[in-house]
Amino acid sequence: MKRLMMLALLGLFSVGTLSGCNTVAGAGKDVQKAGEKVEDKAKDCSDGKC
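Residues numbered from 1 in each chain as written. Predicted model: local features only at pLDDT ≥ 70, side-chain atom pairs only at ≥ 80, totals over all residues. Heavy atoms only, no water.

1. Some remarks on the overall build of the protein
Along the protein, the regular secondary structure elements total 1 helix and 0 strands. The C-alpha atoms of the protein give a radius of gyration of 22 Å, which is well past the 10 Å a tight globule of 50 residues would have. Judged by the C-alpha coordinates and their principal axes, the protein covers about 70 × 10 × 10 Å. Here the protein displays about 4,700 Å² of accessible surface, and carbon together with sulfur accounts for 67% of that area. (Helix = DSSP H or I, 4+ residues; strand = E, 2+ residues; numbered from the N terminus. Rg over C-alpha atoms; globule rule 2.2 N^0.38 Å. Areas by Shrake-Rupley, 256 points an atom, 1.4 Å probe, with all protein chains shown as cover.)

Printed below as a string of structure tokens:
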């Protein structure tokens, strides 16, 4: 019984960890896209006409 509980907890922890990796990767892509937009706007405004 104790072994079954440990395996169940390990399984839940593994699923949570794997889904967390996907979430963090998605957030990283969103932040990267936002940074690219800021860089593009900075290039457009480099002549002082924005």
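2. Quick word on the environment of aspartate 30
Considering the arrangement of structural elements, one finds aspartate 30 in helix α1 (residues 2–44). Considering only alpha carbons, one finds aspartate 30 and glycine 16, 14 residues apart in sequence, at a separation of 21 Å.

Any link to function would need more than the numbers given here.
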